[in-house]
Amino acid sequence: MILERKTRLVFVCLVLAVFMFQSPFQPINAFAATTVNIDPNTTYQTIEGWGSSICWWGNQIGGWSADNRNKLIEKIISPIDGLGYNIFRYNIGGGENPSHKHMTTFRDMPGYQSSTGTWNWNADANQRNVLNRLIERGKSYSYDMILEAFSNSPPYWMTKSGCASGNTDGSNNLKDDYYDDFAEYLTEVVKHFKDEWGITFRTLEPLNEPNVNWWKSNGGQEGCCFTVSAQQKIIKEVGARLKSKGLTGTTISAADENSIDTSVASIGAYDSTILSYISQINTHSYGGSKRTQLRDLAKSKGKKLWQSESGPLNFTGDMMDSNIMLSQRIVKDLKEMQADAWLDWQIIDGGNWGSIYVNNTAQTFTLTKKFYMHSNYSRFIRPGYTIIGADNAVTLAAMSPDKKQLVIVATNASKTDTTSFTFNLSKFANVKSTVDVYRTSSSLDLAKSSVNVASKNINDTLPAYSINTYVVSLGDSSTPTPTNSPTPVITPTPVHSSGDLNGDGKINMADIIILATSFNAVRGEGKYIEANDINRDGVINMADVIIIAAKFNSTV
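The paragraphs below set out a description of the structure included in this document. Note that the structure is predicted; figures quoted are calculated from it, not measured. (Residues numbered from 1 in each chain as written. Predicted model: local features only at pLDDT ≥ 70, side-chain atom pairs only at ≥ 80, totals over all residues. Heavy atoms only, no water.)

Turning next to the environment of Val-472. Mapped onto the secondary structure, Val-472 falls in strand β19 (residues 466-473). As for Val-472 and Leu-406, which are separated by 66 residues in sequence, their C-alpha atoms are 4.9 Å apart. Beyond its immediate sequence surroundings of up to four residues, Val-472 is in contact with Lys-404, Gln-405, Leu-406, Leu-425, Val-431, Val-435 and Ile-458. (Helix = DSSP H or I, 4+ residues; strand = E, 2+ residues; numbered from the N terminus. Contact = heavy atoms within 4.5 Å.)

Laid out in structure tokens, this is it:
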């Protein structure tokens, strides 16, 4: 007995030596699993969907050949291998002074009305090409497509500076006597889309980040400041013209402020008459912390609430850094703010902004890591799903309308360490035994694997710096799962399950060295080896080492 103890002590020392000095192993995660209780009885908002604005990328790829353009659009709209988006914001361009050449490429959005009052309904063909295809493909998937029209600036000839990118000092740029003209312009475009092209915008937003001071003349994109009093004036004018034109299917959204806190201040200052024109509050979540205040404000006024634009603005870090940041922001926006929809700003762009990179000359595209991060949410939490209780800040849970599917998304923000989670599903009547898992990390792009459910618990180890989506099939709650025990089947234990990884009939240091080659690997990663996962829990860690330790120096 003394000799056996000494042998095991030597074994432990050898194991520690192997895992301390053999590179490139990750640190051992010694922390206990975090338990997250998922509660279907605690329900919040029903998700209307996911989406994006169409400017400026629509102005870009709308000029591609139809075949190349359609291939890219399919990656945006498809719920199978795309983002599965169903909400799109069409930009009604103001149109810049033809003599100005300062707009960034593709950001010079064509307007529909010239300074002489002439309407050109052939304008903005590129963005309309994209919008039409999105609608067409959305219908093929039986989507409830939701469309919004929005403005970044009035036409240049309605502005004080004569420039659609802003005033010289960043102040209000719409001429004081042109509020009615601008309202007429926006509503006439909406009416033409409906009457002539059969496209109805559910909402019309006349503003974009209005209460800021950075929209200045000779800038790189359209923009226009509207102080809170100016916002109310244009909303009233637009509301009156929607009514007079009989556009009852279109209401106003506002105010698309840059930050959540500014949204609280602006919307909170609107009087009851202005609020009567508004059906939906739009906010950007680039900044601000007053999510619960905006949530309560929207509820008290009886308005829908969208997170209508976000992205890695002023963010320093690489693509994966921004993905983890945005994943955490999505969870906050949906849990704390209880947004009914979550929209990206740019699908196609460079750097950390783009979910898709394009080669405009070759008319080709590449999916980025951001595409997969967004897909972790939008491909699985579908329109009509209800956000439900999940008592963990980095975890979001949603249930399908028929209550037959549960989706859980959890983020591990540690760059170096895996983390263990236990998702407690004890409040669900019937849970199927296997769960599909989709992981995005530095090395994984929505990689699919599976984990087993044990006693209504999902026990899983999340890879470092990862977003993890669990798709849980739920039985029919009205028909309890039969409790009859199946006839047991005796299956011989594989040799490797005993710890003999090299199959030589002995459990010794040779086996521990084999296990070390994939230590801390998670199912779905390249270095994960099923045979080395002795307890089959989806991660190769100290739990597997302990199994070998218990049988060290024995024969099989």
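Let's shift gears to the side chain of Gln-113. Structurally, Gln-113 is set in the loop between β3 (87-91) and α4 (125-140). A residue is classified by how much of its surface remains accessible, and Gln-113, at 16% relative accessible area, is buried. Within the local environment of Gln-113, its side chain forms a polar contact with the backbone oxygen of Gly-117, the two atoms lying 3.5 Å apart. Residues in contact with Gln-113, not counting those within four places in the same chain, are Thr-118, Trp-119, Trp-157, Met-158 and Tyr-185. (Buried < 20%, exposed > 50% of the residue type's maximum accessible area, 1.4 Å probe, protein only. Polar contact = N/O pair within 3.5 Å; in protein donor to acceptor, adjacent residues only side chain to side chain.)

This next bit is on the sheet that holds strand β8 (residues 304-309). Strand pairing in a sheet relies on backbone hydrogen bonds, with the paired strands running either antiparallel or parallel. The eight strands are arranged β2-β3-β4-β5-β6-β7-β8-β9 in a closed barrel whose pairing can be described as parallel. Ignoring strand direction, the axes of neighbouring strands in this sheet form an average angle of 25 degrees. The strands touched by helix α7 (residues 260-269) within the sheet are β6 (251-259) and β7 (278-287), with β6 carrying the most contacts at an inclination of about 135 degrees. (Pairing = 2+ DSSP bridges. Axes fitted to C-alpha atoms, helices over the stretch in contact; angles between N-to-C directions.)

Residue Cys-55 is joined to Trp-56 through a cis peptide bond whose omega torsion reads 5 degrees. Mapped onto the fold, Trp-56 is located in the loop between β2 (49-53) and α2 (57-61). Here the residue pair Ala-254 and Ala-255 is connected by a cis peptide bond, since its omega of 0 degrees sits within 30 degrees of zero. As for its placement among the helices and strands, Ala-255 is situated in strand β6. You will see that Phe-106, though not glycine, has its phi angle at about 75 degrees, which is positive. Topologically, Phe-106 is positioned in the loop between β3 and α4. The backbone of Ser-455 sits at a positive phi, close to 50 degrees, despite the residue not being glycine. Along the chain, Ser-455 turns up in the loop between β17 (447-454) and β18 (457-462).

Looking now at the pairing of strand β13 (residues 395-399). A regular strand carries its side chains on alternate faces of the sheet. β13 sits mainly inside the fold: five of its five residues count as buried. Relative to β13, strand β12 (residues 386-390) runs antiparallel, the two sharing three bridges. Residue pairing across strands places Ile-387 opposite Ala-398, the latter belonging to β13. The hairpin turn running from β12 into β13, its antiparallel successor, is four residues long. Here β13 runs beside strand β14 (residues 405-412); their pairing, made up of five bridges, is antiparallel. Residue pairing for β14: Met-399 is matched across the bridge by Leu-406.

A few words on the pairing of strand β15 (residues 419-424). With respect to burial, β15 is a largely interior element, five of its six residues being buried. When strand β1 (residues 34-46) meets β15, the two strands line up parallel, connected through four bridges. Note that in β15 the partner of Asn-37 across the bridge is Asn-424. Across six bridges, the pairing between β15 and β18 is antiparallel. Pairing of Thr-422 across the sheet is with Asn-459, part of β18.

Turning our eyes to something else, we now look at the nonpolar core. For soluble globular proteins, nonpolar side chains are generally found buried alongside one another. Within the largest apolar cluster, 97 residues are counted, with the highest numbers of intra-cluster contacts made by Leu-134, Ile-234 and Tyr-270. A per-element tally of this core places helix α5 (residues 179-197) first, with eight residues. Looking at which domains feed residues into this core, each of domain 1 (34-40 + 392-473) and domain 2 (49-309) supplies at least three. Among the nonpolar cores identified, the runner-up in size contains 23 residues, and Leu-406, Ile-408, Ile-458 and Leu-474 belong to it. (Core = buried A, V, L, I, M, F, W, Y, C linked by side-chain atoms within 4.5 Å. Domains from an automatic or database assignment.)

In this section: the packing of aromatic side chains. Scanning the model with the defined rule gives 21 aromatic pairs in all. Seen in terms of ring centroids, Tyr-90 and Phe-193 are 5.0 Å apart; in terms of plane orientation they differ by 55 degrees. Their pairing is tilted. Highlighted residues: Tyr-90 in strand β3 and Phe-193 in helix α5, separated in sequence by 103 residues. A relative accessible area of 0% places Tyr-90 in the buried class. Owing to a relative accessible area of 0%, Phe-193 belongs among the buried residues under this scheme. Note on Trp-157 and Tyr-178: the rings are 6.5 Å apart at their centroids and 80 degrees apart in plane angle, and the pair reads as edge-to-face. A residue pair is termed long-range when its members are at least 10 positions apart, and Trp-157 in the loop between β4 (146-150) and α5 and Tyr-178 in the loop between β4 and α5 qualify at 21 residues. Feature note: the residues Tyr-90, Tyr-112, Trp-119, Trp-121, Tyr-185, Phe-193, Trp-197 and Phe-201 constitute an aromatic cluster, connected by ring pairs. Lying across the ring of Phe-150, Arg-89 places its NZ or CZ 4.2 Å from the centre. (Phe/Tyr/Trp six-rings, centres within 6.5 Å; stacked < 30°, edge-to-face > 60°. Lys NZ or Arg CZ within 6 Å of the ring centre and 35° of its normal.)

A few words now on the sheet that holds β17. A barrel is described by the order of its strands in space; here nine strands give the closed sequence β1-β12-β13-β14-β19-β16-β17-β18-β15, paired in mixed fashion. Neighbouring strand axes in the sheet, compared pairwise and without regard to direction, differ in orientation by 30 degrees on average. Strands β1, β12, β13, β14, β16 (434-440) and β19 of the sheet are contacted by helix α10 (residues 319-335), whose axis makes an angle of about 55 degrees with β13.

Taken N-terminus to C-terminus, the directions of α10 and helix α11 (residues 369-378) make an angle of 20 degrees; their axes are 9 Å apart at the nearest point. On the basis of the axis angle, α10 is roughly parallel to α11. Where α10 crosses over α11, the handedness of that crossing is right-handed. Every residue of α11 that contacts α10 at Met-319, Met-320, Asn-323, Leu-326, Ser-327, Ile-330 and Val-331 is listed here: Lys-369, Lys-370, Met-373, His-374 and Tyr-377. (Parallel < 35°, antiparallel > 145°, perpendicular 65-115°, else oblique. Left-handed = near helix turned anticlockwise from the far one by under 90°.)

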